[in-house]
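# Per-entry structural report
Okay, here's what each chain looks like letter by letter:
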Amino acid sequence: MQGLMMDVPLLITDLIRFAERNHGDTEIVSKTVEGGLHRYTYREAHARARRLAKVLHALGVKLGDRVGTLAWNGYRHYELYYAISGIGAVINTINPRLFPDQITYISNHAENQVLCFDLSFMPLVEKLAPQLKSVKHYVLLTDRAHMPAQTSIPKLKCYEDLMDQQDDRFEWPSFDERTAAALCYTSGTTGNPKGVLFGHRSTVLHAYGAALPDALNLSALDAVLPVVPMFHANAWSLPYACTMVGAKMVFPGPHLDGKSVYELIEQEKVTLSAGVPTVWLMLLQHLAANKVKFSTLKRTVIGGSACPPAMIRTFQDDYGVTVFHAWGMTEMSPLGTVGSLKTKQAQLPKDQRYAVQAKQGRGIFGVEMKIVDEGGKELPWDGKAFGDLLVKGPWIASGYMKSEGGDPLKDGWFPTGDVATIDAEGYLQITDRSKDVIKSGGEWISSIDLENIAVAHPAIQEAAVIGVKHPKWDERPLVVAVKKAGQEVTRDELLKFYEGKIAKWWMPDDVVFVPELPHTATGKLSKLTLRQQLKDYRLPGA
Ligand code: ADP
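About the cut-offs
Residues numbered from 1 in each chain as written. Predicted model: local features only at pLDDT ≥ 70, side-chain atom pairs only at ≥ 80, totals over all residues. Heavy atoms only, no water. Helix = DSSP H or I, 4+ residues; strand = E, 2+ residues; numbered from the N terminus. Rg over C-alpha atoms; globule rule 2.2 N^0.38 Å. Buried < 20%, exposed > 50% of the residue type's maximum accessible area, 1.4 Å probe, protein only. Contact = heavy atoms within 4.5 Å. Domains from an automatic or database assignment. Near = heavy atom within 4 Å. Polar contact = N/O pair within 3.5 Å; in protein donor to acceptor, adjacent residues only side chain to side chain. Areas by Shrake-Rupley, 256 points an atom, 1.4 Å probe, with all protein chains shown as cover. Salt bridge = Lys/Arg side-chain N within 4 Å of Asp/Glu carboxyl O. Expected span 1.5 Å × (residues − 1). 1 Å grid on protein atoms, 1.4 Å probe; cavity = no way out; pocket = protein on both sides within 12 Å on 5 of 7 lines; lining within 4 Å. Points joined across faces, edges and corners; volume = space filled by probe spheres on them. Nonpolar A, V, L, I, M, F, W, Y, C, P; charged D, E, K, R; others polar. Pairing = 2+ DSSP bridges. Axes fitted to C-alpha atoms, helices over the stretch in contact; angles between N-to-C directions.

The subject of this paragraph is the overall build of the chain. The number of helices and strands found in the chain is 16 helices and 25 strands. Whereas a compact globule of 542 residues would reach a radius of gyration of roughly 24 Å, the chain reaches 23 Å, a difference of no more than 12%. Considering only C-alpha atoms, the chain reaches an extent of 70 × 65 × 50 Å along its principal axes. Across the 542 residues of the chain, 58% fall into the buried class. The long-range share in the chain, meaning contacts at least 24 apart out of those at least 6 apart in sequence, stands at 67%.

Attention now goes to the domain arrangement of the chain. As assigned here, the chain comprises domain 1 (1-26 + 42-199) and domain 2 (436-533). Measuring from the centre of the C-alpha atoms in domain 1 to the corresponding centre in domain 2 gives 41 Å.

For the rest of this paragraph, the subject is the site of the ligand. By nearness alone, 17 residues border the ligand, and Ser187, Ala326, Thr330, Asp418 and Lys524 come closest of all. Taking Ala306, its main chain carries an N or O atom lying 3.2 Å from a nitrogen atom of the ligand. When the ligand sits alone it has 570 Å² of accessible area, and the protein chains cover 92% of it. Secondary-structure elements contributing two or more residues to the shell around the ligand are β14 (322-328) and β19 (414-422).

Pairing between side chains of opposite charge can happen when their charged atoms approach one another. Using the criterion set out here, one finds 33 salt bridges in the structure. Here Lys259 and Glu263 are joined by a salt bridge, their closest N and O atoms 3.1 Å apart. Taken together, the residues Lys259 and Glu263, both in helix α9 (residues 258-267) and four residues apart, mark about one turn of the helix. Overall, the relative accessible area of 45% leaves Lys259 in the partly exposed class. Taking the relative accessible area as the measure of exposure, Glu263 reaches 36% and is therefore partly exposed. A single salt-bridge network, built from bridges that share partners, covers Glu34, Arg48, Arg76, Glu79 and Glu160.

This paragraph deals with helix α10 (residues 277-290). Here α10 is 14 residues long and its end C-alpha atoms lie 20 Å apart, about the 20 Å a rise of 1.5 Å per residue gives. Regarding α10, the residues found buried are Pro277, Val279, Trp280, Leu283, Leu284, His286 and Leu287. At the exit of α10 stands Lys291, carrying a positive phi of roughly 50°.

Tallied over the full model, the rule gives three cavities of 30 Å³ or more. Approximately 120 Å³ is the volume found for the largest cavity. Forming the boundary of the largest cavity are 14 residues, of which Val33, Gly74, Tyr75, Arg76 and Asp118 lie nearest the centre. For the lining of the largest cavity, the elements supplying multiple residues, two or more each, are β1 (27-31) and α3 (75-86). Counting residues per element, the lining of the largest cavity draws most heavily on α3, at three residues. Its residues assigned to classes, the lining of the largest cavity shows four nonpolar, six polar and four charged. Quantified by volume, the second largest cavity comes out at close to 50 Å³. What lines the second largest cavity is simply Phe198, Ser202, Thr203, His206, Ala207, Asn234, Ser237, Tyr240 and Ser333. When residues of the lining of the second largest cavity are assigned to their parent elements, the largest contribution, four residues, is made by helix α7 (residues 200-211).

With that out of the way, let us pick up the sheet that holds strand β4 (residues 90-93). What the seven strands build is an open sheet, ordered β7-β6-β5-β3-β4-β8-β9; its pairing is mixed. On the outer flanks of this sheet lie β7 (157-158) and β9 (194-199), each paired with one strand and no other. Across six bridges, the pairing between strand β8 (residues 180-186) and β9 is antiparallel. If you follow Ala182 over to β9, its bridge partner there is Phe198. Packed onto the sheet, helix α4 (residues 100-110) meets β3 (66-70), β4, β5 (112-117) and β8 and runs at close to 150° relative to β8.

On to the layout of surface pockets, then. Of the pockets and cavities examined, the second largest pocket occupies roughly 460 Å³. The wall of the second largest pocket is formed by 23 residues, among which Pro309, Ala358, Asp449, Asn452 and Ile453 lie closest to the centre. When contributions to the lining of the second largest pocket are tallied by element, the ones reaching two or more residues are α11 (309-319), α13 (350-358), β20 (427-433) and α14 (447-456). Of the residues forming the lining of the second largest pocket, the biggest block, five residues, is contributed by α14. Classifying every residue of the lining of the second largest pocket by side-chain character gives 14 nonpolar, four polar and five charged.

Spelled out as structure tokens, the structure:
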């Protein structure tokens, strides 16, 4: 119809153009691999991204080509985010913590033409280069002074040298908003990793969703530190959403230990941070051991795996930091739900409020959810019925790169592989990944609930609960726990701690203490590895 609104494509470069124009002086601060602290502004970042676009063109990168990165959170990685997508190519952020064989598989599958990597990954890339079939150019993300004197990497290029050869007079091209912009492989606990392709339109819409007040509540008043890596589901969209609102960004580089993260938060007056529970465990340990507090941090987003209620309590009661428990997955760009309160919940007594916050949160507009039983019948939102969680929306994957694994959709809905309840207020609670559910006598026991109780015990540092074979019940829960340094607790004491907190038949059958638990490349508990490690374990009396 005539007179309708303009049909302007939603492109990622518009975010950084807007940031330069409106927040030109706002800073992006990075701890670097080389050891220093780098600071510049959105204005300079945009100029460098334009310069980088010319570098990429000079290297022969064209619309639709893939460019791989093996890099920490930092300003050069940020420039790559904008320049690669900005010229219509696709940035493939590879998780360097994956097994070398998986990295090779991913780069070959993505057919990366160029591979850009941080100094930390020189030895890794030297080892892998002979197998990276598609890569024509290797670019080390550093300056001339840090270039290695010798290397087996063919024709290794220096990022800053390439940048020096170009100027920043460049106009971003316009193209279809449905063009692919970024590519991230899911860890694929079984089989090969699968590529999730994010588009310009989905990325911009997701950034709007993420910035909403009841989602991450981002604004130009914030200083945001993404601890979550830029190779883990686009650092949960923060490099886009922060740019959209003009928030200051603070990148930790490879320095993710509790002390470094704490010092950076204090020094750069960070107001919001985001990461998986494991990194917060390290930070909280540092705070407790050194008896220090935060002076500016107000909010922290915790997700990627279930945030134990004990962690929410510690952050809020001891440090005055509000926790936003979030749930999502790479296939969802990644945000699905965020645990922000509504008026009704905000007025609840503290314990009940904390119980709401321990759930994974409410859907953001743009994410439709439903839970279904084994026959595919939709279940009620009553907080009790639990079933397979399906999602739908403009930033949710419709399939995988090169149609790997076939069509995942069920009647247009994406099956998350998670099992959940949703209550009448719309709060989602993940009880398990479907493959981690413990099936006892035909009923399901939530491993997440049992883990949350274990870590609420003062002597427990971390815990995983897995189902182990049982002759009568099929499976029974086993707690595998790590004690806090210098703390003692026995098997029986820990089991006693469960009494009164769960239904009797949920009571774990046994506890095994271990010095540490295995984690995946994204810092989550690896139950697959744990089950392998404990394959010879037998329950008492089984
Ligand atoms: P990976 O498989 O590499 O970990 P994702 O980061 O995409 O890939 O993982 C998504 C999965 O992580 C979800 O399907 C869910 O099982 C789990 N998850 C994410 N956030 C939470 C959360 N807050 N609570 C429980 N599980 C979560």
